[in-house]
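Here is how the chains run, residue by residue.
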Amino acid sequence: MCGFPQKRKQQLLSHRTAVARTAVMASEFEPLLPRGGHRPATGGWKSALFIIWVEVAERFAYYGISGNLISYLTGPLGQSTAAAAAGVNAWSGAASMLPLLGAAVADSWLGRYRTIVVSSVLYIAGLGMLALSSMFPSPEGQQCNVSAHGRGASPPSSLQTAFFYLSLYLVAIAQSGHKPCVQAFGADQFDATDPTESLSRGSFFNWWYLGICGSATVTIALMSYVQDNVSWAIGFGVPCITMMLALVVFLLGTKTYRFYDSGDSNGASVLSRVTEALSAARKRSPESGSLVEHGERKENDAMVEEVRSIARLFPIWATCLLYGVVFAQPPTLFTKQAATLDRRVGSSGFQIPPAALQCFSGTSMIICVVLYDRVLVPVARRVSGVALGITMLQRIGTGMALAVAALVIAALVEMRRLSTAMDAGVVDQPDAVVPMSLWWIMPQYVLIGAADVFTMVGMQEFFYDQMPSAFKSLGLALYLSVLGVGSFMSSFLIWVIDGLTKKGGGTSWLADNLNRGHLDYFYLLIAALTALELLAFLYFSASYAYKRKTANVH
């Protein structure tokens, strides 16, 4: 007992040293961290607009690749429809899952600012290599001709294919750091504990998604035409130049940004932080409680609460996964479905590229974001008394219901397309245009766009808002992982359905000749699974308790 005062002095000295070390690390956590400045001098909409424009440019680059990727795989690379759809889903899955790693690196080591810069450089390198890969000559020493149904007339060289996939996955690695950090860094410009800035942050997520939708719409319309009718090298090269401009814009706004320290994380890795929290949970046992000092107990309780708050997100995350399967359909099977329709518009007979029909979704998103932010939220706020109009989980669930409706309509349209193909006698002519207007397919794109405004934006805000302050980037990576796992699930479903329906000499639902396939059955299957998932989501969201908000700003 006589040694207790000395032990207590050592603990207090150790605590003060740790606090001082944390303060030093916080000041070094990001470059150009404001020191002793006032919060109003940085952050807010001025800084957020820089970051939104960076994301607009990055999405231009990303959708310039992904929006028409299936056409490149089934065209110059000569893959089958099922293989190409599975390949696009696998790449999209990797691009959406890797942000979990990138966010952990950002939250634990580099910080969001530096992670964005490093990722942008990798992004530019990957896009440049992708443009270069499309310029490789075919084995015969000339570019492959592409048949009417999009298949390459001569196979690409193994070098071209290997270099293409190396470049493509370098883009996925670059997005792993860029995607979660840019959005988290943008949301950081608003203080969640300030009533005015908290409402602005809710609007930020809406206008953020509006910027993404506008960028995606313009990109898909412009770049799909360039890629299909001018050159794949130019179609991949323009996104590279756009990404260079994005990096320049981001650096120009540096002095306006508001930087946060790592909150209750002192720079340790995410995994070690979780380990500490689990260890703290053991220390809270009755046997050891009397031996733990008050200060240590308080710190341990905070770490345990962090792990609990993350664990509570898991049921919500798990019951959102099938939405990722729905999200994977427009750039893959919707595009192949659209390629069979009569896409001529106007008296000149201009033919819209099939990938460009995704612009219907983008336009729907833009309109819905404005209506949601300016009409629905104010009206719902007066009715419900909720500051955001409806809760984040209600928003996500509404989008899931719209997604189910979109898939049912897609199945009905496909049934009509198959019937029209049979009546026109073009069932066994895969290169023939089905005499059915492109406007038939518009409703499914429009509903998917509306669903994204509810579910995608809702998930972004929910996983950012409900994560502990030290792991905000990881929260947005968790949202992206929904799309990643969903893409892998879509790829797996395609592989299973293609294999089962071809068994015994049958025709695949996803046959290269879609007139002999059954995309309608595939859409109805996904709709049924998504409806079941929605029921599970409603069950878990009914008992979810939102966390309180705190801030740690410099």
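(A) Inspection of the overall build of the protein chain at higher detail. The helix and strand inventory of the protein chain stands at 20 helices and 4 strands. Considering the protein chain as a whole, with its 554 residues, one finds that 55% of them fall into the buried category. Residue pairs in contact within the protein chain that sit at least 24 positions apart in sequence constitute 82% of those at least 6 positions apart. Of the roughly 23700 Å² of accessible surface on the protein chain, 67% is carried by carbon and sulfur atoms.

(B) Fine view of the state of the cysteines. Throughout the structure, instances matching the rule amount to 0 disulfides. In this model Cys-368 remains outside any disulfide bridge; the closest cysteine sulfur is found in Cys-213, 9.2 Å from its own.

(C) Local environment of the packing of helix α2 (residues 44-66) against helix α7 (residues 158-187). α7 packs onto α2 with a crossing angle of 155° between their chain directions and a minimal axis gap of 11 Å. As summarised for this structure, α2 and α7 are arranged roughly antiparallel, according to the angle between their axes. The interaxial crossing formed by α2 with α7 has left-handed handedness. Facing α2, whose interface residues are Ile-51, Val-54, Glu-55, Glu-58, Arg-59, Tyr-62 and Ile-65, α7 presents Leu-168, Gln-175, His-178, Lys-179, Val-182, Phe-185 and Gly-186.

(D) Broad picture of the packing of aromatic side chains. All told, the structure shown has 31 aromatic pairs when counted by the stated rule. Between Phe-185 and Tyr-257 the ring centres are 5.1 Å apart and the planes differ by 80°, which places this aromatic pair in the edge-to-face class. Placement of the pair is Phe-185 in helix α7 and Tyr-257 in the loop between α9 (232-252) and α10 (270-283), with a sequence separation of 72 residues. Residue Phe-185 is classed as buried on the basis of its relative accessible area of 1%. With 5.5 Å between their ring centres and 85° between their planes, Tyr-544 and Tyr-546 make a pair best called edge-to-face. Connected via pairs of aromatic rings, a cluster forms that spans Tyr-72, Phe-164, Tyr-165, Trp-232 and Phe-236. If you follow Arg-395 out to its NZ or CZ, it ends over the ring of Tyr-372, 3.8 Å from the centre.

(E) Up close: the packing of helix α5 (residues 99-110) against α7. Direction vectors running N to C along α5 and α7 enclose 65°, while the axes themselves pass 7 Å from each other. Viewed along their axes, α5 and α7 form a crossing whose handedness is right-handed. Here α5 contributes Pro-99, Gly-102, Ala-103 and Ala-106 to the contact with α7, which in turn contributes Gln-175, Ser-176, Gly-177, Pro-180 and Cys-181.

(F) Seen up close, a nonpolar patch on the surface. A surface patch of nonpolar side chains, about 460 Å² in accessible area, is lined by Ile-367, Leu-371, Val-375, Val-379 and Val-383. Tracing the sequence through the fold places Val-383 in helix α16 (residues 359-384). Relative accessible area serves as the criterion here: at 70%, Val-383 is assigned to the exposed category.

(G) Inspection of the pairing of strand β4 (residues 434-437) at higher detail. Every second residue of β4 is oriented toward a common face, the buried set being Val-434 and Met-436 and the non-buried set Pro-435 and Ser-437. With 2 bridges joining them, strand β1 (residues 341-342) and β4 adopt parallel strand pairing. What sits directly across from Leu-341, in β4, is Val-434.

(H) Structural view of the nonpolar core. Phe-164, Phe-462, Phe-522 and Tyr-523 are the most contacted members of the largest nonpolar core, which has 134 residues in total. Looking at this core element by element, the count peaks at 12 residues for helix α19 (residues 472-502). Residue contacts for Phe-164: discarding those within four places in its chain leaves Leu-69, Tyr-72, Leu-73, Leu-77, Leu-130, Ser-133 and Phe-236. Counting residues in each nonpolar core, the second largest holds 5 residues, with Tyr-372, Val-377, Ala-380 and Ile-390 among its members.

(I) Quick peek at the side chain of Ser-167. With respect to the helices, strands and loops of the structure, Ser-167 is situated in helix α7. The class of Ser-167 is buried, set by a relative accessible area of 0%. Once residues within four sequence positions are removed from consideration, Ser-167 is found in contact with Gly-126, Met-129 and Leu-130.

(J) Up close: the environment of Arg-59. Following the sequence through the fold, Arg-59 ends up in helix α2. Judged by its relative accessible area of 4%, Arg-59 is buried. Spatially, the C-alpha atoms of Arg-59 and Ile-212 are 6.2 Å apart, while their sequence positions differ by 153 residues. When neighbours within four sequence positions are excluded, Arg-59 is seen to be in contact with Gly-64, Tyr-123, Gln-175, Lys-179, Ile-212 and Ser-215.

(K) Structural view of the environment of Ala-401. Summarising the element assignment, Ala-401 is placed in helix α17 (residues 392-424). Accessibility expressed as a relative area gives 39% for Ala-401, which makes it partly exposed. Residues Ala-401 and Phe-454, spaced 53 residues apart in sequence, show a C-alpha to C-alpha distance of 10.0 Å.

(L) Broad picture of the side chain of Thr-420. Turning to its location among the elements, Thr-420 is positioned in helix α17. Classification of Thr-420 as buried rests on a relative accessible area of 14%. Within the local environment of Thr-420, its side chain forms a polar contact with the backbone oxygen of Arg-416, the two atoms lying 2.8 Å apart. Apart from the residues within four sequence positions on either side, Thr-420 is in contact with Val-434, Pro-435 and Met-436.

(M) Broad picture of helix α18 (residues 442-466). Taking 1.5 Å of rise per residue, 25 residues should cover 36 Å, and α18 covers 36 Å from first to last C-alpha, within 8% of that figure. Approximately 35° is the largest bend angle found in α18, and it occurs at Asp-452. The buried fraction of α18 amounts to 21 of the 25 residues, a majority that puts the element mostly inside the structure.

(N) Layout of the pattern of salt bridges. In total, this model carries 9 salt bridges according to the counting rule given. Residue Lys-502 is joined to Asp-498 by a salt bridge in which the shortest nitrogen-to-oxygen separation is 3.2 Å. Placement of the pair is Lys-502 and Asp-498 together in helix α19, with a separation of 4 residues, close to one helical turn. In the salt-bridge network here, residues are joined through shared partners; they are Glu-55, Glu-58, Arg-59 and Lys-179.

(O) Up close: α9. Taking 1.5 Å per residue as the helical rise, α9 with its 21 residues ought to reach 30 Å, and the 31 Å between its terminal C-alpha atoms agrees with that figure. Restricting attention to buried positions, one finds in α9 the residues Trp-232, Ala-233, Gly-235, Phe-236, Gly-237, Pro-239, Cys-240, Thr-242, Met-243, Ala-246, Leu-247 and Phe-250. Taken together, the buried residues of α9 touch α2, α3 (69-74), α6 (112-133), α7 and α8 (195-229). N-cap assignment for α9: the residue whose side-chain oxygen lies 3.1 Å from the backbone N of Ala-233 is Ser-231.

Analysis parameters
Residues numbered from 1 in each chain as written. Predicted model: local features only at pLDDT ≥ 70, side-chain atom pairs only at ≥ 80, totals over all residues. Heavy atoms only, no water. Helix = DSSP H or I, 4+ residues; strand = E, 2+ residues; numbered from the N terminus. Buried < 20%, exposed > 50% of the residue type's maximum accessible area, 1.4 Å probe, protein only. Contact = heavy atoms within 4.5 Å. Areas by Shrake-Rupley, 256 points an atom, 1.4 Å probe, with all protein chains shown as cover. Disulfide = S-S within 2.5 Å. Axes fitted to C-alpha atoms, helices over the stretch in contact; angles between N-to-C directions. Parallel < 35°, antiparallel > 145°, perpendicular 65-115°, else oblique. Left-handed = near helix turned anticlockwise from the far one by under 90°. Phe/Tyr/Trp six-rings, centres within 6.5 Å; stacked < 30°, edge-to-face > 60°. Lys NZ or Arg CZ within 6 Å of the ring centre and 35° of its normal. Patch = residues over 30% accessible without salt bridge, like charges linked within 9 Å, V, L, I, M, F, W, Y side chains within 5 Å. Salt bridge = Lys/Arg side-chain N within 4 Å of Asp/Glu carboxyl O. Pairing = 2+ DSSP bridges. Core = buried A, V, L, I, M, F, W, Y, C linked by side-chain atoms within 4.5 Å. Polar contact = N/O pair within 3.5 Å; in protein donor to acceptor, adjacent residues only side chain to side chain. Expected span 1.5 Å × (residues − 1). Bend = angle between axes of the 7 residues up to and from the residue.

Purely geometric numbers; function is a separate question.
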